[in-house]
Amino acid sequence: MEIFQHMQFVDLIEFFGTFAFAISGVRLASAKQFDLFGAFVVGFVTAIGGGTVRDLLLDVTPFWMQNPIYMWCTLFALVFVMIFRKHLVHLNNTFFVFDSIGLGLFVVVGVEKTIELGYPAWVVITMGTITGAIGGVIRDMLINEIPLIFRKDIYALACVFGGVVFTALYALDVNLFINEIASASTVIFTRFMAVKYHWHIPILKGEQNKQ
Amino acid sequence: MEIFQHMQFVDLIEFFGTFAFAISGVRLASAKQFDLFGAFVVGFVTAIGGGTVRDLLLDVTPFWMQNPIYMWCTLFALVFVMIFRKHLVHLNNTFFVFDSIGLGLFVVVGVEKTIELGYPAWVVITMGTITGAIGGVIRDMLINEIPLIFRKDIYALACVFGGVVFTALYALDVNLFINEIASASTVIFTRFMAVKYHWHIPILKGEQNKQ
Amino acid sequence: MEIFQHMQFVDLIEFFGTFAFAISGVRLASAKQFDLFGAFVVGFVTAIGGGTVRDLLLDVTPFWMQNPIYMWCTLFALVFVMIFRKHLVHLNNTFFVFDSIGLGLFVVVGVEKTIELGYPAWVVITMGTITGAIGGVIRDMLINEIPLIFRKDIYALACVFGGVVFTALYALDVNLFINEIASASTVIFTRFMAVKYHWHIPILKGEQNKQ
């Protein structure tokens, strides 16, 4: 299939995306005094959680059970954090770039997998967003924090935008590779702009604020 | 099938139930300063979480992936809270009625779906309870609170009672529509009485209380 | 099949393991002032959570939906805690033994189920670890605590060791019963030694420790 013609490039990007997601899990776990095994688990769940929930909902075998690369990638992230921990704070911008590119690719993987199973656009967009955003939600639940994406940045909304672009271009029969670049770029660009210009989704003011 | 003859009435009730469940999620999210997207997600998960866990356990496609009405219903709930937020506290009794009716219907939907798949009574009752009660549990985990249903009211036990009534009347070959009304009413009546007369399940005194 | 020849012995061990896992859930729930229904749910989820996540990932019917024994076992654990709550603290060593034996057996059940489905060794070991360790993680999320296994003891690592032993002996065509005893013993022995000699996995020192 056309999708697999540019597999190697995608594999490389996916590796960096998984790595960046795992790094974010490992770092947050270390801030909570988790042991090495716990940090590995949190890093792994951050990287594969979104795709796993998507695959369970779609009733297909979870992707990470078919290839050990995601576990090796998490192990590599753990070792990386152990070795370079004193210098990681200087690499925050680099991780942000990796993380955003990974997010864009995760969304594309999610929407493609769902559209091939014949689901309508709104399910496709939802699954793309779940693929990109739920890993971080499970990570935050494991470390006992309120999920960050519900309160900061426009992380999940960037996934929705990417999914909308993909389903629109797909309906217009645009070449798949161009579509992938366009929809992943939408996710990445939205996230970059949101962070650069401090875009936030308005907070829902509740009646509780008056009490 | 007989079940689908009164579909329109059930659809209407289900809409109000979903709406009431989503409202409860959106309101609790707003109290935690979630942004609009986060409030939407929490509202949606509250409304569809129980049925989704049930469908994953039964290995059928999650119900909300087959009809966008549940997402629209959650969006409607979000807009409703935004517009009427200063008046919501006066509507608490109305929401309680909606929420209880929705709970009764969710339980009936859960038990029927499970009994049609050929499971024994104890699985049927368990799935009815999961359908009704787990959405609120996931909601409370997302907002980082100890699940309310484990400490207050007899919410989940009302679901169990409804499931017991359904399986008993089903075994007695009672007309399905009458059975649905009877079992949903059992859930609603139990919940009403529990709140009105402050019924609580005894707290389990642990050895820790002595320390 | 050979596996089922020693079924009765395994059933008995599994009953005690489930009972010990449920006891740990009920006791922690009681320390958080959960009501009896909440304590039952937490006990049940502690006992069946790991195997349920495994079965969802493997796309087979969750084991506890095929036999009500796990619910009865949890109910028995709840009644046991209610009756003997003042004396439980003196039974901590006994529970530790039950819990460890149960852990060893849970891991063996998980690796056997996965290996029969044709998965490679690394998936088999992962599923054994998930079967043994995830119930406690969900328990801790329900009571709003940071999962204990990520910070204390070498609980999950003991499961990994047991899975490694099983897959190694399985590859060497060792008799299945001997393999089960050897791999379960590995889990139990590792856990005993870790507690006796205060073995811990090193904590991942993060950059945050400097702040």
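Quick caveat: nothing in here was measured; it's all calculated off a predicted structure.

**A closer look at the overall build of chain A**
- Counting its regular elements, chain A contains 7 helices and 0 strands.
- For chain A, the sequential pattern of α-helices and β-strands runs α-α-α-α-α-α-α.
- Over its C-alpha trace chain A gives a radius of gyration of 17 Å, about what one expects of a compact globule, namely 17 Å for 211 residues.
- Summarising its shape, the C-alpha atoms of chain A cover approximately 50 × 50 × 35 Å along the three principal directions.
- Every one of the 211 residues in chain A was classed for burial, and the buried ones make up 54%.
- Contacts in chain A between residues at least 24 apart in sequence constitute 70% of all its contacts with a sequence separation of at least 6.

**Here we look at the relation of the copies chain C and chain B**
- Take chain C, turn it by 120°, move it 0.0 Å along the axis, and it overlays chain B with an RMSD of 0.0 Å. The superposition of one copy onto the other is thereby described by a three-fold rotation axis.
- An overlap of only 11% is found between the interface residues of chain C and their copies at the interface of chain B, pointing to separate contact surfaces.

**Topic: unusual backbone geometry**
- Unusually for a residue other than glycine, N144(B) sits at a positive phi of about 60°.
- If you trace the backbone, N144(B) turns up in the loop between α5 (121-142) and α6 (155-171).
- One non-glycine residue, Q33(C), adopts positive backbone phi at about 65°.
- Look at Q33(C) and you get partly exposed, because 17 C-beta atoms sit within 10 Å.

**Topic: the relation of the copies chain C and chain A**
- Superposing chain C onto chain A takes a rotation of 120° plus a shift of 0.0 Å along the axis, which leaves an RMSD of 0.0 Å.
- Mapped onto chain A, only 13% of the interface residues of chain C again fall at the interface, so the copies present different surfaces.

**Let's talk about the packing of helix α4 (residues 92-116) of chain B against α5(B)**
Residue and element names in this part refer to chain B.
- Packing of α4 against α5 leaves a shortest axis separation of 7 Å and a crossing angle of 140°. Considering the relative orientation of α4 and α5, their crossing is right-handed. In contact with L103, F106, V107, V109, G110, V111, T114 and I115 of α4, α5 contributes V123, V124, M127, G128, I130, T131 and G132.
- The residue makeup of the contact of α4 with α5, split by class, is 10 nonpolar, 5 polar and no charged.

**Digging into the interface of chain C and chain B**
- Contacts between chain C and chain B engage 28 residues on the former and 23 residues on the latter.
- Per-element tally for the side of chain C that touches chain B: the top contributor is helix α2 (residues 36-58) of chain C, with 6 residues.
- Grouping the amino acids of the side of chain C that touches chain B by side-chain chemistry returns 18 nonpolar, 5 polar and 5 charged.

**Some details on the interface of chain C and chain A**
- Counting from both sides, the interface comprises 23 residues of chain C and, opposite them, 28 residues of chain A.
- When contributions to the side of chain C that touches chain A are tallied by element, the ones reaching two or more residues are α2, α5 (121-142) and α6 (155-171) of chain C.
- A total of 3 residues in the side of chain C that touches chain A trace back to one element, the largest contributor, which is α5(C).
- Split into classes, the residues belonging to the side of chain C that touches chain A amount to 14 nonpolar, 4 polar and 5 charged.

Parameters at a glance
- Residues numbered from 1 in each chain as written.
- Chains lettered and ligands numbered in written order.
- Predicted model: local features only at pLDDT ≥ 70, side-chain atom pairs only at ≥ 80, totals over all residues.
- Helix = DSSP H or I, 4+ residues; strand = E, 2+ residues; numbered from the N terminus.
- Rg over C-alpha atoms; globule rule 2.2 N^0.38 Å.
- Buried ≥ 20, exposed ≤ 12 C-beta atoms within 10 Å, placed from the backbone.
- Contact = placed C-beta atoms within 7 Å.
- Least-squares fit on C-alpha atoms with pLDDT ≥ 70 in both.
- Axes fitted to C-alpha atoms, helices over the stretch in contact; angles between N-to-C directions.
- Left-handed = near helix turned anticlockwise from the far one by under 90°.
- Nonpolar A, V, L, I, M, F, W, Y, C, P; charged D, E, K, R; others polar.

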